[in-house]
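Chain residues, written in single-letter form:
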Amino acid sequence: MDGSGRRIIADTHLFWPNGLTIDYAGRRMYWVDAKHHVIKKANLDRSHHKAVISQGLPHPFAITVFEDSLYWTDWHTKSTNNANKFTGKNQESICNKLHFPMDIHTLHPQRQPAGKNLPTGEKTLWGQQRRLHAPVSAQCQNYTCACPTGFRKISSHTCAQSLDKFLLFAQRMDMRRISFDTEDLSDDVIPLADVCSAMALDWDSRDNHVYWTDVSTDTNNRAKWDGTGQEVGPSMGPGPQGGQRLGGGIRPLQGTDRIEVPNTDGSMRTVLIWEKLDSLWDIVVEHMGGYMYWTDWGASPKIERAGMDASGCQVIISSNLTWPNGLAIDYGSQRLYWADAGMKTIEFAGLDGSKRKVLIGSQLPHPFGLTLSGECIYWTDWQTKGIQSADRLTGLDRETLQENLENLMDIHVFHRRWPPVSTSCAMENAVATCVLGPQILAASAVPAPQASTCCLMARPVHEVGMNSFLIFARRIDIRMVSLDIPYFADVVVPMNITMKNTIVIGVDPQEGKVYWSDSTLHRISCASLDGSQHEDIITTGLQTTDGLVVDAIGRKVYWTDTGTNRIEVGNLDGSMRKVLVWQNLDSPRVIVLYHEMECMYWTDWGDNAKLERSGMDGSDRTVLINNNLGWPNGLTVDKANSQLLWADAHTEAADLNGANRHMLVSPVQHPYGLTLLNSYIYWTDWQTRSIHRADKGTGSNVILVRSNLPGLMDIQAVDWTQPLGFNKCGSRNGGCSHLCLPRPSGFFCACPTGIQLKGDGKTCDPSPETYLLFSSRGFIRRISLDTSDNTDVHVPVPELNNVISLDYDSVDGKVYYTDVFLDVISNMETVIGHGLKTTDKLTVDWVARNLYWIDTGHNTIGASRLDGSCRKVLIIHSLDEPRAIAVFPRKGYLFWTDWVHIAKIERANLDGSEQKVLINTDLGWPNGHTLDFDTRRIYWVDAHLDRIESADLNGKLRQILVSHVSHPFALTRVLAQERGTNACGVNNGGCTHLCFARASDFVCACPDEPNSRPCSLVPGLVPPAPRATSMSEKSRVLPSILPATLHSSTTWTRTSLEELEGRCSERDSRLGLCASSNEAVPAAPGEGLHISYAIGGLLSILLILVVIAALMLYSSASQESSRRRAWWLTPVIPELWEAGVGGNEVKSSRPSW
């Protein structure tokens, strides 16, 4: 097991030996050959080769053994099979219809028999085993100590704790290393997570970090050399991120489609060179001389260099170049090496470009990455899929280190003992990013750039505070361009999140936050401009949020949604959402606010494109422009000149009322976002993939701000120095309980969607009075019927997957729903979490406090208490595909639909008894149904016949209400839970567990699985807990102890069910003493509600006594009147007492006056 003693067991008659297994007891091995369609065996000493099965094996793949049987998978039959391991007979298929069954194993202790205990490995600080122990052979009770791949032994029992020198290379989906500390040169994968497309890499021996770029996620990343401490750095932006390099003394990181430098932790990010770079690829730094070198693949391929502060830029190689890929510096000979995949060469020259020479000019199909170490040069080749080396001075002695490696990218040699280099930046404790120039120190706080022939210098534009800037969305990121400096360079807002389709943005200058919408993720989010404090503020009820604006004064966010065709507003935290405009909207797009005028403006992309205005509360809506518009995208307000500016096929302007319309900039190719700051307008263009600027007054002096920006969307201009303005709602929110929204005439107190404002004009109701609830799989929504907008809002219920059915309990105000993905019934908390299989419908008995549901997986109708306790299956027979369910508590009826073979609508009592088919003709797919308790009718929808019908509670007087309804699914009516009660509505009918009302009486029932409480089938009786003896005795006796009669003090001893049934009288049976198990028992007439009757009788007595006392007081007040009336009052009172006050036998007649 240490790899020694290797020998061949079988080498003849083999083609595709796939599966292999060992029979430990028989000391044999079995294998399958998919080409020869055979299963063979041999002893472990290579003897006795024999075919076990040679027929009926189309394509065996994997095999295992257990006891006397073989088990294998077969690709052709898509099955798992077994047979006798000795004879191959008794073949049978265990499981069929599998999609390409792969490996197979038997999980049993016999398959891992115990062996002799071996010494255990010790642990190093970095979590690997210092040594590995393996037995040498079965005959020799010995072991060898081995080290992990690439680690050298430092003694007979100890391994090195780290690697001193190794070759590091990227393979897109992973990063690997080849250790030079050992001789085997095997590659080992560095354990990293979420590597999607690694391209360029480098290392830093000071802190043992490896750095790499990922072009799929557009990020810089780093981790320790062993894969620990992985971190995601800042986003790099668009374009191929071809190179990154670390200067040993300064430790900055540089690269992307421009050249940037942050510190190694990603902070203090600075753009060094951003112009006149056509297609930047690889980059290296020479920290001792203070220079950086890079390759450019553009129309004129070249190799350039500049000081590491971007000074002294010059082209050093510009001829005979096609695709200059890898770069490497030989510090000893002061040479620059590069690989050219187009020229198929590896060349070198002096650091100034002189003395150019071809090192290797043959057998280089497609060299890519390049590095130097010692006397060797190493490179990767895309076409040969290998890593090769040669002498760095002569190009001779070529060797292949590894081959058959797909997607090879960059390559470097990690040397832990690399000599440190002291630089000025290493000694300076600079606040800003420190970069080296040729032999000098340059801090990035230099106020102005310096120009040269091939590039410009830039200084930090993101880390330091900016007074004015542009911020724009680019679908997958958000970027900023400072307007404080005389050049334009964009930087990514460094947010450690994934953006899919960021369309529109808004800025809150008060808190320094950016808000954006993502139409793919369907959410509105915000974060600080430094990328921190990310928060999703609205995650429900959004479809395509094309417009968004932040009201920094009123602390609100407004947005448009072209999917729902609404304009909404909410607080900055996403609370108190209100639909402002919902009518006559086709495709609302961009929205802006003019807070000084308390107005909002928006564009509409619909069939009749238009530009509209209203108050910020949605009032006083006016169409300003509705002609000669195509796709009015961008929109902004020029407050200084009191005019609107918008972008369509060209940029236009008009006054705030839509008049004085005139062209501003034309032509523009495909403008999208538009913004304004001071004297300029800025817009994004989809076709040019650029940001442009022009004078806002004349549209002249059009210049290019930034180019090569695919996915450009919205843009906003921000100036921190501008005052915010005055808030009409004041510090107390205008006295409003919820929303205070400005309007031209003042302000208006508003309520969240669906909630009414009270008569005081300030306060909102806590919730809607009447509303509809409906489910949409992953959401539960509400439509208020109190307001006229009829817009739906999401009920904040977490962790919904596939909600099919729901009902509402008006007593407790809870929503009950089924999730068929999780197979649970919940009400924000799990009510029933096991034993369900596709619960398609449920309903609440709000009187008896019971829950009913249909389980189409088990084809049953069940019930329980509302808390999920006392579960009981009511109906299990005669159900094919039960669908909808409803209850009529006052009548004691249960209704449901069934529609597989013969569609029907059925009825039973609430305990499942007296099942009856009401309708079984002219039905297709009766999905949902509901009850009208006033008119005593049942309504249902038929998804196959596409109509809504009704009938009385007996299935008669059938009537078609609505025809041609496209696939109706569910149905309800307003006030779906009637007022009133039944026998189970008071004290659960006296039942200990379940109480079911019926048409003429009610019954008590016990759950299918007894709980800790003794169950009684007799109303009002709470039996004592049974005395527990043994489990066998418990299983033979009744679950409850029942008395002989309600009026007898005789107690029953525990007896067997058989004995009780044998001597059961009619009265005992009626009282529930003869019930087997948990069968429901009807209440006895006159006795079922004795507790409630007794309470009613006491209240009647008390009322009569009060009346008598009042009459006596009145009598004593008037003696004259007393004498006239005493003749009839006197006999009544004794008669009442004689009969017993409140008794039914009182018979007094009152004489007429």
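Here the residue index of a chain counts from 1 through its sequence in written order. Reporting in this predicted model follows two pLDDT cut-offs: at least 70 for local features of residues, and 80 or more for side-chain atom pairs to be given and counted; totals over whole chains, interfaces and linings ignore these cut-offs and use all residues. Think of the side-chain values as coming from all heavy atoms in the structure, minus any hydrogens and water.

### Digging into the overall build of the chain
Going by this rule: Secondary structure counts use DSSP, requiring at least four H or I residues in a row for a helix and at least two E residues in a row for a strand, with both numbered from the N terminus. Residue burial is assigned from relative accessible area. The probe radius is 1.4 Å, only protein chains are included, and a residue is buried under 20% of its type maximum, exposed over 50%, and partly exposed in between. Areas reported here follow the Shrake-Rupley algorithm with a probe of radius 1.4 Å; residue values treat only the protein chains shown as occluding.
Looking only at helices and strands, the chain features six helices and 84 strands. When the 1153 residues of the chain are sorted by exposure, 51% land in the buried category. Roughly 54,100 Å² of accessible area belongs to the chain as shown, and the carbon and sulfur atoms make up 51% of that amount.

### Considering the confidence of the model for the chain
Inclusion rule: What pLDDT reports is the predictor's confidence in each residue, on a scale of 0 through 100. Only heavy atoms enter the contact rule, under which two residues are in contact if any of them lie within 4.5 Å.
On average, residues of the chain score 81 in pLDDT, and 80% of them are at 70 or above. Taken together, the stretch residues 237–242 has pLDDT below 50 and engages in 24 contacts with residues farther than four places along the chain or on a different chain. In the model, residues 1083–1093 has pLDDT below 50 throughout and makes 21 contacts with residues more than four positions away in sequence or in other chains.

### Examining the sheet that holds strand β56 (residues 671–677)
Strand pairing within a sheet occurs via backbone hydrogen bonds; the two strands may be parallel or antiparallel. The following threshold applies: Whether two strands pair depends on DSSP finding at least two bridges between them. For helices, the fitted axis covers only the stretch in contact; all axes are lines through C-alpha atoms, and the angles between them, taken along N-to-C directions, range from 0 to 180 degrees.
Across the sheet, which stays open at both edges, the four strands sit in the order β56-β57-β58-β59 with antiparallel pairing between neighbours. Sheet topology places β56 and β59 (703–706) at the edges, where each strand pairs with a single neighbour. On average, adjacent strands in this sheet sit at an angle of 30 degrees to one another, irrespective of strand direction. Sheet topology places β56 next to strand β57 (residues 680–685); five bridges connect them, and they run antiparallel. Residue pairing in the sheet places Leu 677 in a bridge with Tyr 680 of β57.

### Overview of the packing of aromatic side chains
Two descriptors summarise a pair of aromatic rings, namely the distance from one centre to the other and the angle between the planes of the rings. Note the following rule: A pair of aromatic rings is counted whenever rings of Phe, Tyr or Trp (Trp by its six-membered ring) have centres within 6.5 Å, and the orientation is called stacked for planes under 30 degrees apart, edge-to-face for over 60 and tilted otherwise. Consider the ring centre and the ring normal. A charge sits over the ring if Lys NZ or Arg CZ is within 6 Å of that centre and within 35 degrees of that normal.
Scanning the entire structure with this criterion turns up 24 aromatic pairs. An aromatic cluster of three or more residues is present, and its members are Phe 151, Phe 166, Trp 203, Trp 225 and Phe 414. One residue, Lys 35, lies across the ring of Trp 16, its end atom 5.6 Å from the ring centre. The cationic tip of Arg 589 hangs over the ring face of Tyr 672; the distance from NZ or CZ to the ring centre is 4.5 Å.

### Structural notes on the sheet that holds strand β49 (residues 599–604)
Taken in spatial order, the four strands make up an open sheet running β48-β49-β50-β51, and their pairing is antiparallel. Two strands close off the open sheet at either side, each with one partner strand: β48 (588–594) and β51 (622–625). Strand after strand, the sheet turns through a mean of 25 degrees between neighbouring axes, direction not considered. Taken together, the three bridges between strand β50 (residues 610–615) and β51 define a ladder with antiparallel strand orientation. Directly across from Arg 613, in β51, lies its bridge partner Thr 622.

### Here we look at the nonpolar core
Note the threshold: Buried Ala, Val, Leu, Ile, Met, Phe, Trp, Tyr and Cys residues that are joined via side-chain atoms within 4.5 Å together make up what is termed a nonpolar core.
If you look at the biggest cluster of nonpolar residues, it comprises 52 residues, and the most contacted ones within it are Leu 851, Tyr 852, Leu 894 and Phe 996. When near neighbours in sequence (up to four residues on either side) are disregarded, Phe 996 contacts Asn 850, Tyr 852, Ala 863, Lys 872, Leu 874, Leu 910, Asp 911, Cys 984, Phe 1002, Val 1003 and Ala 1005. Judged by nonpolar contacts, the second largest core, of 36 residues, contains Ala 489, Val 493, Val 504 and Met 713.

### Focus: the state of the cysteines
Condition: Two cysteine sulfur atoms make up a disulfide if the distance between them is within 2.5 Å.
Taken as a whole, this structure holds seven disulfides when the rule is applied. Between Cys 729 and Cys 740 runs a disulfide, and the two sulfur atoms are separated by 1.9 Å. Its torsion about the S-S bond being -90 degrees, the disulfide of Cys 729 and Cys 740 is classed as left-handed. Here Cys 729, found in the loop between β60 (715–719) and β61 (739–743), pairs with Cys 740, found in strand β61; they are eleven residues apart in sequence, far enough to count as distant. Take Cys 740: its relative accessible area is 3%, and that puts it in the buried class. Each disulfide pairs two cysteine sulfurs, and for Cys 991 the partner residue is Cys 1004, the sulfurs being separated by 1.9 Å. The sign of the -75 degrees torsion about the S-S bond sets the Cys 991-Cys 1004 disulfide as left-handed. Of this pair, Cys 991 sits in the loop between β81 (959–963) and β82 (994–997) while Cys 1004 sits in strand β83 (residues 1002–1005), placing them 13 residues apart in sequence. Here Cys 870 is not disulfide-linked; the sulfur of Cys 1015 is the nearest cysteine sulfur, at 7.6 Å.

### Notes on a nonpolar patch on the surface
In plain terms, the rule: Exposure above 30% relative accessible area and the lack of any salt bridge qualify a residue for a patch; like charges then connect within 9 Å, and the nonpolar side chains Val, Leu, Ile, Met, Phe, Trp and Tyr within 5 Å. By salt bridge we mean one thing: a side-chain nitrogen of Lys or Arg within 4 Å of a carboxyl oxygen of Asp or Glu.
Taken together, the side chains of Leu 1103, Val 1107 and Leu 1111 make up a nonpolar region of the molecular surface, amounting to roughly 260 Å² of accessible area. Relative to the helices and strands, Leu 1103 resides in helix α5 (residues 1090–1117). Taking relative accessible area as the criterion, Leu 1103 reaches 56% and is therefore assigned exposed.

### A closer look at the environment of Tyr 71
Relative to the assigned elements, Tyr 71 resides in strand β6 (residues 69–74). For the pair formed by Tyr 71 and His 105, sequence separation is 34 residues and the distance between their alpha carbons is 8.3 Å. Ignoring any residue separated from it by four or fewer positions in sequence, one finds Tyr 71 in contact with Ala 62, Ile 63, Thr 64, Phe 66, Asn 81, Asn 82, Ile 94 and Ile 104.

### Digging into the pattern of salt bridges
Inspection of the entire model under this criterion finds 38 salt bridges. Where Arg 743 meets Asp 617, a salt bridge forms, and the shortest distance between an N and an O atom there is 2.7 Å. You can see Arg 743 sitting in strand β61 and its partner Asp 617 sitting in the loop between β50 and β51, a full 126 residues away along the chain. A residue is classified by how much of its surface remains accessible, and Arg 743, at 23% relative accessible area, is partly exposed. Judged by its relative accessible area of 9%, Asp 617 falls in the buried class. For Arg 998, the salt bridge is made with Asp 1001, and the minimal N-O distance between the two is 2.9 Å. When its relative accessible area of 18% is taken as the criterion, Arg 998 is described as buried. The exposure class of Asp 1001 is partly exposed, given its relative accessible area of 24%. Through salt bridges with shared partners, one network takes in Arg 474, Asp 477, Arg 479, Asp 490 and Arg 706.

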